[in-house]
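# A look at the structure
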Amino acid sequence: MVATLSVITLVSSALLGGVFALTKGPIEVAMTAKTNSAIASVSPKFDNDPSSQIIAVEYSGKSYKVYPAKLGDKIVGYAIESYASGFSGRISIMVGFSIEGTINSISVLSHSETPGLGDKIETSKSDFNVQFQGKNPQEFRMVVKKDGGDVDAITASTITSRAYCEAVTTAWEVFKLCVVQKEKQGGE
Amino acid sequence: MSKLALISRGIIKENPVFVLLLGMCPTLGTTTSAINGMGMGIATTFVLIMSNVAISSISGMIPNKVRIPSYIVVIASFVTILQLIMQAYTPGLYETLGLFIPLIVVNCIVLGRAEAFASKNGVIDSAVDGVGIGIGFTLSLTVLGAVRELLGSASIFGMKLINSDGMLVFVLAPGAFIALGYLLVIFNKLKSRTS
């Protein structure tokens, strides 16, 4: 009895180990491809490989991933991975900034908002995303209109919209830290 | 029973969703669109066939007392294999189905077929039974997904039919129950008429 069960579990785990070893590479490739396509869709034109040059930036106790987009040797922008708590779980976004600080574009990486309501943050579902494009957060107040800002919230999804704005604001703060770091390095 | 009868039994007479009402958790949870339902169905079919074959070939060696744990280990292994493969080669589908893939382990149909059919029948018959039940499950989930997508987002297989948002309730959880209920009625009406 014990022997049979042991043999079955042993064979199963050996099989799983084999499959894990075989799929490990492709899984990593698939994940990098996803990050790369998100970076490419938000950043200004670049010719380097941003996902191999990740900078980790600390902001209010949390670490954020920043992908520098370079054309030649010059940094032309940053893609910043940011997140906030939405209506039902974490909303992860990738915000692309040009080096002057304007938002190039934003792509939603993952979320679990209500289908048909909160999921309008996806570019394919509504134009909510588009209103951030080409805006500079210095003059564009990234708070929903209800709270005195400039952002048109998604109807019936104010909590989602607020969380989204929070994530973009975080990305903006991280961006400012990046610029400060870069100027320090440039001065040395 | 002939192989063809085995397959058609899985699709009509013992349709897992509309007749046996097994595996309701993935049925209700993943059918927000036709393509999601189909993906879930195909994933479950894979696990069904593999676990049916494995279990029918080793069932003679398993003592009665550790039957269920052994079946669960076999099923869980195939689900994990499937999960790794999907993550590697179909990351898009893997992300949409998300938590429901590991939950195939506890899908009543898979263990139900192992216990009720595969443990008592030969390898080939068990494989055919897996195919039949799998097709039945996939078709049911695709139909349910298509109905919910059509009513809820006015599109089918991702193609927009009319430029409207549709009735949101059908994409959300209550719509799953409503659509399933009506489909059950229609399926059983048609079934009773033919038999």
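Our structure's up above, just so we're on the same page.
For the structure given in this document, a descriptive report is provided here. (Residues numbered from 1 in each chain as written. Chains lettered and ligands numbered in written order. Predicted model: local features only at pLDDT ≥ 70, side-chain atom pairs only at ≥ 80, totals over all residues. Heavy atoms only, no water.)

## What to know about a nonpolar patch on the surface
Together, Leu150, Leu151, Leu161, Ile162, Met167, Val169, Ile178 and Tyr182 of chain B make up an exposed nonpolar region whose accessible area comes to about 750 Å². Only α7 (123-153) and α8 (173-194) of chain B provide two or more residues apiece to the nonpolar patch. (Patch = residues over 30% accessible without salt bridge, like charges linked within 9 Å, V, L, I, M, F, W, Y side chains within 5 Å. Areas by Shrake-Rupley, 256 points an atom, 1.4 Å probe, with all protein chains shown as cover. Salt bridge = Lys/Arg side-chain N within 4 Å of Asp/Glu carboxyl O. Helix = DSSP H or I, 4+ residues; strand = E, 2+ residues; numbered from the N terminus.)

## Details of the sheet that holds strand β5 (residues 103-110) of chain A
Residue and element names in this part refer to chain A. Reading across from one edge, β1-β2-β3-β4-β5 is the order of the 5 strands in this open sheet, with antiparallel pairing throughout. Each edge of the open sheet carries a strand with a single partner, namely β1 (55-59) and β5. In this sheet, adjacent strand axes meet at a mean angle of 30 degrees when their direction is disregarded. Pairing of strand β4 (residues 89-98) with β5 involves 6 bridges; the strand directions are antiparallel. By the bridge assignment, isoleucine 93 is partnered in β5 with valine 108. The sheet strands contacting helix α1 (residues 2-42) are β2 (62-71), β3 (74-86), β4 and β5, and the helix crosses β5 at an angle near 155 degrees. (Pairing = 2+ DSSP bridges. Axes fitted to C-alpha atoms, helices over the stretch in contact; angles between N-to-C directions. Contact = heavy atoms within 4.5 Å.)

## Side note on the nonpolar core
Counting 44 residues, the largest nonpolar core has Phe18, Val47, Ile55, Leu82, Met86 and Ile104 of chain B as the members making the most contacts within it. Every element with two or more residues in this core is listed here: α1 of chain A together with α3 (34-58), α4 (67-89), α5 (91-97), α6 (108-118), α7 and α8 of chain B. Looking at which element gives the most residues to this core, the answer is α4 of chain B, with 10 residues. Excluding residues within four positions of it along the chain, isoleucine 55 of chain B makes contact with Tyr71, Val74, Ile75, Ala114, Ala118 and Ser119 of chain B. (Core = buried A, V, L, I, M, F, W, Y, C linked by side-chain atoms within 4.5 Å. Buried < 20%, exposed > 50% of the residue type's maximum accessible area, 1.4 Å probe, protein only.)

## Some thoughts on the packing of aromatic side chains
Note on aromatic pairs: each is described by the distance of the centres and the angle between the planes. Residue and element names in this part refer to chain A. Under the criterion given, the structure shown has 11 aromatic pairs over all chains. Between the aromatic rings of phenylalanine 97 and tryptophan 172, the centroid separation amounts to 6.0 Å while the plane-to-plane angle is 45 degrees, which identifies the pairing as tilted. In this pair, phenylalanine 97 is assigned in strand β4 and tryptophan 172 in helix α2 (residues 158-187), connecting sequence segments 75 residues apart. Owing to a relative accessible area of 8%, tryptophan 172 belongs among the buried residues under this scheme. In this structure, arginine 90 packs its charged tip against the face of tyrosine 83, placed 3.7 Å from the ring centre. (Phe/Tyr/Trp six-rings, centres within 6.5 Å; stacked < 30°, edge-to-face > 60°. Lys NZ or Arg CZ within 6 Å of the ring centre and 35° of its normal.)

## Structural notes on the side chain of serine 155 of chain B
All names here are of chain B. Along the chain, serine 155 falls in strand β1 (residues 155-156). For serine 155, a relative accessible area of 7% gives the class buried. Of note is the side chain of serine 155, whose polar atom sits 3.3 Å from the side chain of glutamate 149. In contact with serine 155, other than residues within four places in its own chain, are Glu149, Leu150, Lys160 and Leu161. (Polar contact = N/O pair within 3.5 Å; in protein donor to acceptor, adjacent residues only side chain to side chain.)

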